[in-house]
Each structure stands twice: as C-alpha cells, then as structure tokens.
Amino acid sequence: MTAFKAEPVLWIVIPCYNEEAVLPETAPMFLKEVTHLAEAKKISPDSRILFVNDGSRDKTWPIIEALSKKDEHFIGIAQSRNRGHQNAVLAGLMEAKDRCDIAISIDCDGQDDITAMEPMVDAYHDGCDIVYGVRSDRDSDTWFKRTTAQGYYRFLNKMGVEVVYNHADYRLTSNRVLNHFADFHEVNLFLRGMFPLVGFKSTSVYYSRHERLAGESHYPLKKMLGLAFDGISSLSVKPITMIAQLGFIISLLGFAGVIWAIVMALTGHTIAGWASIVCIVCFLGGIQLLSLGIIGEYVGKTYMETKHRPRYIISDRTWEDSEDDQKQ
Ligand code: UDP
Ligand code: MG
C-alpha cells in the first residue's frame, strides 16, 4: 500500500467545442470519478472539473454554466473565440496551475477511458510527475487513421521529436510540471511533444479508447494534417539539417560531374561548349543547395532561440529550500 501524500487537489481540464450533444452525458461520468477518488482518499474533495469552452457556437457554454450552478465541482472558463483544441487545453492547464496539485487533461467526448484516472493518480502518489495516458489499441479507428497515425509517430521519432507512442492529450501533470511548462512560450502548440521536454519522472497508463458517445469529431483531415505538421515544424529543425546534408551530397556529385565533363572534353568525346555548360550546372547546383542548407541552419537556430524555452529545470536538491524547484 502506498503512503499517500496529503490528498492532492485534482483539476480535470476538459476542452469543449460544440459539444452540446455529449456534455450532458459525460459530465456526470467525470463527477462520478471525482467523487469515487475523493471517497478513496486519493484526491481532495476540493477537486474540480474545469470545462474550457473553446468558442462554441451551440449551447455548450449555457450547459457548462448550468452544471456549475448545480454542483460546485463543475467550473468553466470560456475562450473569447475558437482557438483550437491545443490552445483550449493550454488555457485550462494554465488556469489550473496555481490552484491545484495535479491536473488531468482529457477530451469531453468519453472516448478516453475516464476510469484510467485512478491508476494515473496512483502513479502520482508513487512519485511520478507526468503520467501519459496511452491507447492500448486502435481498434476503434478506421484502417486509414490507424496506419497514418502509427506511421506519423514513427516519423516524429525519426525527426528527433520525443513523443510517447499512441499518447494524445490524456495526461496527468503535477503542479510543478505545469509551473515549468508555463516557461515554454511557443505559440504553435504540440503539447504531447512539449511535455516530455519538461522532464521529471514519468510513466504511462494504458487504456482502450472507445467510440465518441455522441456528436461528431471536430478533427477533420485538414485540422489533423495541420496538427501533424505543427508537430514536426514546432519541435524539430531536422528538415533544415536534411537540406544541408542533401546540399553536401549534391556538391560532391557536382564535383564528380565537373571532373567527368573535363575528362570527356580532354579525350575529345564532346561537342564544343558541352563541358563548360555541364561544369557550370554541376558547380552551381551543389553550391546553391549547400548555401541554402547553411543559411537554413542559422534560420533554424534563430527559430529555436525565439521560443525562449527554459535552458534547464532542476527537479531535486539535497537541501531544503522554500523555492524547491527554481528555474534558470
Ligand atoms: N476541441 C476543441 N476545440 C476545437 C476542436 C476540438 O476544444 O477546435 C475539443 C473537443 O471538444 C474534444 C477534443 O477537443 O473535447 C477532441 O476533439 P474531437 O473529439 O472532435 O477529436 P477526435 O477525438 O475525433 O480526434
Ligand atoms: Mg474525440
């Protein structure tokens, strides 16, 4: 049996966009789980369920307001307009940061198994600061989504982006992780690739993902491709490095091409003007791509610098300090 820390205050952060069909179904499920965890003394009874209305155009906000009047566990914030799922989750987490000990982000459509929160909280009591909710299967996905998603995770890893395989945005984070996360100032968000950068002890909890309980997905292919592209371009400058490498290879080939053209000209296998043109084409092709790659390296560095990410994060000290985990 784990020795529990003083019952932590949990905030569940739930982004909602046009979810009038599903919210009345899932809200009681969240409340049930919070009540259960509080009764088991795993979380504080002061825990909250925070709905983030992401500029919905339907009755989502009135529903959230009504829920908050009905039960004090339900609270809500509304974004001034639709900003997208990632921004809605971030807004909720930042709102929760100084008011909770742990936060769990989860979609509002019941696709992610709500009961997986219990093992997540247990893992927190065992000393983990981040607990990733990982899908144990993709049976509820179409063949297309399953194949593209798996290929994408592999590709991200090749690009040097650290993501937990089959983890989306169902995750527990401790308050100190959130406080450090607040120092990541980037605007193009790909949260699942950013949290691993914060570090601290982490683990995964496996669950099987269900079908949406009601309503429709708000992630059409276009939005999904946008998120997929953000995942690479926000966290990796490897594509630029690849241009530089390609430039180097083309330069070498170009150099070989120049020598070949000269040899052909000297051995009289060419017509007048051929060798000089081939030499110029080979030489310029290589030099141009190499130069582009070098400039790209600087652009990439500038890009990373503009994010002003924390340069280091300290997790432990051997001495007691009121500010136990300071930054920079
Ligand atoms: N969502 C949001 N803003 C958006 C789109 C979606 O807050 O612009 C929320 C949505 O209400 C849900 C979660 O993000 O809670 C995931 O969206 P959805 O279920 O439509 O995506 P899918 O599960 O199909 O990928
Ligand atoms: Mg969904």
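Placed above this text is the structure.
The text that follows walks through the structure, step by step, so that each part is easy to find. Please read all numbers here as calculations on a predicted model, not as lab measurements. (Residues numbered from 1 in each chain as written. Chains lettered and ligands numbered in written order. Predicted model: local features only at pLDDT ≥ 70, side-chain atom pairs only at ≥ 80, totals over all residues. Heavy atoms only, no water.)

## Description of the coordination of the magnesium ion (ligand 2)
What counts here: Here a donor is an N, O or S atom found within 2.8 Å of the metal, or within 3.2 Å if the metal is Na, K or Ca; sites may look incomplete because water is not among the atoms. The buried label applies to any residue whose accessible area, calculated with a 1.4 Å probe on protein chains only, is under 20% of its type's maximum; exposed applies above 50%, and partly exposed to all values in between.
Surrounding the magnesium ion (ligand 2) are the protein donor atoms Asp109 (OD) and Gln111 (OE1), at 1.9 Å. With relative accessibility at 15%, the residue Gln111 sits in the buried group.

## Description of the pattern of salt bridges
Side chains that carry opposite charge are capable of pairing whenever their charged atoms lie near each other. The condition is simple: Put simply, a salt bridge is a Lys or Arg side-chain nitrogen that is within 4 Å of an Asp or Glu carboxyl oxygen.
A complete count under the given rule lists twelve salt bridges for this structure. As a salt-bridge pair, Lys97 and Asp98 come within 3.3 Å of each other at their nearest N and O atoms. We classify Asp98 as exposed; its relative accessible area is 58%. The salt bridge partner of Arg176 is Asp129, with a shortest N-O separation of 3.0 Å.

## What to know about the side chain of Asp129
The condition is simple: Comment: elements are numbered from the N terminus, with helices defined as DSSP H or I runs of at least four residues and strands as E runs of at least two. Pairs of N or O atoms within 3.5 Å make up the polar contacts considered here, provided that, within protein, one atom can donate a hydrogen while the other can accept it, and that residues adjacent in sequence are counted only when both atoms are side-chain atoms. Contact definition: two residues touch when any of their heavy atoms are within 4.5 Å.
The residue Asp129 is located in the loop between α4 (117–125) and β5 (130–135) in this model. At 2.6 Å, the side chain of Asp129 and the side chain of Ser174 are in polar contact. Each residue touching Asp129, except ones within four places of it in the same chain, is listed here: Leu172, Thr173, Ser174, Arg176, Val177, Phe200 and Lys201.

## Remarks on the environment of Asp230
Residue position: Asp230 is located in helix α8 (residues 221–235). The exposure class assigned to Asp230 is partly exposed, which follows from its relative accessible area of 22%. Between the C-alpha atoms of Asp230 and Asp139, which are 91 residues apart in sequence, the distance is 26 Å. Not counting the four nearest positions on each side in its chain, Asp230 is found in contact with Asn188, Leu189, Phe190 and Leu235.

The values reported here are purely geometric and, on their own, carry no functional implication.
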